[in-house]
Amino acid sequence: EKQGYRHFMLKEIHEQPSVVRTCLEAYINPDWHSQNSDEENPITLNLKPEIYEDLEHIQIVACGTSWHASLVGKYLLEQIAQIPTFVQYASEYRYAPSPMMRNTITIGVTQSGETADTIAALEMERQRRSSCDRTYQARILGITNRPESTLGGMVDQVINTYAGIEIGVAATKTFVAQVIAFYILALDLAGRRKTITPSRMEEILKGLLQLPTQIEQIIHSEEPKIRDLAHQFPDTKDFIFLGRGINFPIALEGALKLKEISYIHAEGYPAGEMKHGPIALLDAHVPVVAIAMGGSVYEKVISNAQEAKARDARLIGVLPQNHHEDMFQDTLIVPEVDEILSPILAVIPLQLLSYYIASMRGLDVDQPRNLAKSVTVE
Ligand code: M6R
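Described in the following lines is the structure provided in the data block. (Residues numbered from 1 in each chain as written. Predicted model: local features only at pLDDT ≥ 70, side-chain atom pairs only at ≥ 80, totals over all residues. Heavy atoms only, no water.)

Close to the ligand lie 14 residues; Ser-66, Thr-110, Ser-112, Thr-115 and Glu-260 are nearest. The side chain of Ser-66 places a nitrogen or oxygen atom 2.6 Å from an oxygen atom of the ligand. At 2.4 Å, a side-chain N or O of Thr-115 approaches an oxygen atom of the ligand. The protein chains hide 91% of the 410 Å² of surface that the ligand would expose on its own. Of all the secondary-structure elements, those providing two or more residues to the shell around the ligand are helix 4 (64-79) and helix 10 (248-262). Residue classes in the shell around the ligand are distributed as 5 nonpolar, 7 polar and 2 charged. (Near = heavy atom within 4 Å. Polar contact = N/O pair within 3.5 Å; in protein donor to acceptor, adjacent residues only side chain to side chain. Areas by Shrake-Rupley, 256 points an atom, 1.4 Å probe, with all protein chains shown as cover. Helix = DSSP H or I, 4+ residues; strand = E, 2+ residues; numbered from the N terminus. Nonpolar A, V, L, I, M, F, W, Y, C, P; charged D, E, K, R; others polar.)

Attention shifts here to the environment of Gly-64. Relative to the helices and strands, Gly-64 is located in helix 4. With a relative accessible area of 33%, Gly-64 lands in the partly exposed category. In this structure, the C-alpha to C-alpha distance between Gly-64 and Leu-256, residues 192 residues apart in sequence, is 8.2 Å. (Buried < 20%, exposed > 50% of the residue type's maximum accessible area, 1.4 Å probe, protein only.)

Okay, helix 8 (residues 173-193) next. In an α-helix there are 3.6 residues to a turn, and that puts residues three or four apart on one side. With 21 residues, helix 8 should reach 30 Å at 1.5 Å per residue; the first-to-last C-alpha distance of 30 Å fits that figure. Most of helix 8 is tucked away, with 19 of its 21 residues classed as buried. Positive phi appears at Lys-194, one or two residues downstream of helix 8, with a value of about 55 degrees. (Expected span 1.5 Å × (residues − 1).)

This brings us to the side chain of Asp-366. As for its placement among the helices and strands, Asp-366 is situated in the segment after helix 12 (342-360). Of the polar contacts made by the side chain of Asp-366, one reaches the backbone nitrogen of Met-9; its length is 2.9 Å.

Here we come to the sheet that holds strand 3 (residues 104-109). The 5 strands are arranged 2-1-3-4-5 in an open sheet whose pairing can be described as parallel. Sheet topology places strand 2 (85-89) and strand 5 (157-160) at the edges, where each strand pairs with a single neighbour. Neighbouring strand axes in the sheet, compared pairwise and without regard to direction, differ in orientation by 20 degrees on average. Both strand 1 (residues 57-62) and strand 3 contribute to a ladder of 6 bridges, which runs parallel. (Pairing = 2+ DSSP bridges. Axes fitted to C-alpha atoms, helices over the stretch in contact; angles between N-to-C directions.)

Next up on the list: the side chain of Lys-257. Within the element layout of this structure, Lys-257 appears in helix 10. With a relative accessible area of 1%, Lys-257 lands in the buried category. Only 2.6 Å separates the side chain of Lys-257 from the side chain of Glu-253, close enough to count as a polar contact. If we ignore the near neighbours within four places in the chain, the residues touching Lys-257 are Met-9, Thr-65, Ala-170, Ala-171, Thr-172 and Ser-354. (Contact = heavy atoms within 4.5 Å.)

It is worth spelling out the environment of Leu-45 at this point. Mapping Leu-45 onto the fold places it in the loop between helix 2 (16-27) and helix 3 (49-52). Along the primary structure Leu-45 and Leu-71 are separated by 26 residues, whereas in three dimensions their C-alpha atoms are 21 Å apart. Excluding residues within four positions of it along the chain, Leu-45 makes contact with Tyr-27, Gln-157, Ile-159, Ile-184, Leu-185 and Asp-188.

Taken together, the 5 strands give an open sheet; going across it, the order is 7-6-8-9-10, and neighbouring strands pair in parallel fashion. Single-partner strands in this sheet number two, and they are strand 7 (265-270) and strand 10 (330-334). The average undirected angle you get between the axes of adjacent strands in this sheet is 15 degrees. Pairing between strand 8 (residues 287-291) and strand 9 (residues 314-320): 5 bridges, direction parallel. Bridging from a neighbouring strand, Val-289 pairs with Ile-316 of strand 9. Along the sheet, helix 12 contacts strand 6 (238-243), strand 8, strand 9 and strand 10; its crossing angle with strand 8, the most-contacted strand, is approximately 160 degrees.

Turning our eyes to something else, we now look at the packing of helix 8 against helix 9 (residues 198-230). Where helix 8 contacts helix 9, the axes come no closer than 12 Å and their chain directions differ by 165 degrees. Between helix 8 and helix 9, the angle falls in the class roughly antiparallel. Between helix 8 and helix 9 lies a crossing whose hand is left-handed. Counted together, Ile-180, Tyr-183, Leu-187 and Gly-191 of helix 8 and Met-201, Ile-204, Leu-205, Leu-208 and Leu-211 of helix 9 form the full contact between these two elements. Looking at the contact of helix 8 with helix 9 residue by residue, the classes come out as 8 nonpolar, 1 polar and no charged. (Parallel < 35°, antiparallel > 145°, perpendicular 65-115°, else oblique. Left-handed = near helix turned anticlockwise from the far one by under 90°.)

This part is about the packing of aromatic side chains. This model, assessed by the stated rule, comprises 5 aromatic pairs. Here the aromatic rings of Phe-239 and Phe-241 are separated by 5.9 Å at their centres, their planes lie at 25 degrees, and the arrangement is stacked. Each of the two residues, Phe-239 as well as Phe-241, counts as buried. Over the ring of Tyr-52 we find Arg-192, and its NZ or CZ is 3.9 Å from the ring centre. In this arrangement the basic side chain of Arg-369 is found over the ring face of Tyr-263, its NZ or CZ atom lying 3.8 Å from the centre. (Phe/Tyr/Trp six-rings, centres within 6.5 Å; stacked < 30°, edge-to-face > 60°. Lys NZ or Arg CZ within 6 Å of the ring centre and 35° of its normal.)

With that settled, the discussion passes to the environment of Gln-111. Turning to its location among the elements, Gln-111 is positioned in the loop between strand 3 and helix 6 (116-130). A C-alpha to C-alpha distance of 18 Å links Gln-111 and Pro-17, two positions 94 residues apart in sequence. Excluding residues within four positions of it along the chain, Gln-111 makes contact with Ser-66, Thr-144, Asn-145, Arg-146, Glu-166, Thr-174, Gln-178 and Lys-373.

See the structure below:
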């Protein structure tokens, strides 16, 4: 039921605070403090011990939005847990797998648990590992919203994202829940491998627990603004989304959302790559959305946005509070948070922007043309 919302997608965007809360509550021990950190790990993921044993690498296969969540996951696993992580498109990996690596976890990320390419890539991985010694065994995980799915039946262990059923074809709440699952996994591994100090662990946990309220705040303050902004692009044919570091995947996700439901051509780029090609596309008709979330790459993204401005691009900034920059024609403001947590907040205004542009154009937001909720064919 849409419960008064015009579309399931909008309802699902609004459900994100409670989805994040549920997912965090499932995996975080709220009584943990850095002072009693000797006693236990604050994360209750309960993976089998052999999954952690001598772990050297993580390999992730996924498609579409789940692939974007996996790219954020790579950042977290490498920066927090110090584990080299490789993210592959499942449709590519199944025909060109990387050489076998021992002591490696392979994770299939799929909200539906039924995506044919992801299932086939994992099946291939399972089979080729089965004839190898035990350093290759029992290391296949799934991150999914449906543990009862085909994926759930074929992996050694499932991490449930607890997002609840998602009906809109454009993934929103399941994306955010997948990213939360990666925080949980990265923190769990970091705690065990001691690649994080207890006080930093506590800092990140506290930050995570504030995300639901902060998402609510964004929806409350930015949704009316975004609804109006959407009316300014009735004939726009192209959009560019720029992000860097942990928010580069959010640029990809913002672009994918827009193209899926509004049929506007959109590209997501790492902001520093723009000058290597896409800058040639820019003129006054191409809006550029720059995700400048503060933290280590803030100045860099701002200077990349300036390069776009110099080509007359119409600039929209996704910015943290108190970082107003005059060059942006429009700003979508989110609470200022630790850089490592920023993707969860940055994606919210982009979901709303794509929703309102598509709905303003009168399109079938929940059932966009040529797309299915789960792609069960190759
Ligand atoms: O069910 P999955 O997560 O495996 O689906 C993967 C993609 O098909 C999916 O994310 C697709 O890109 C969505 N329509 C994105 O909104």
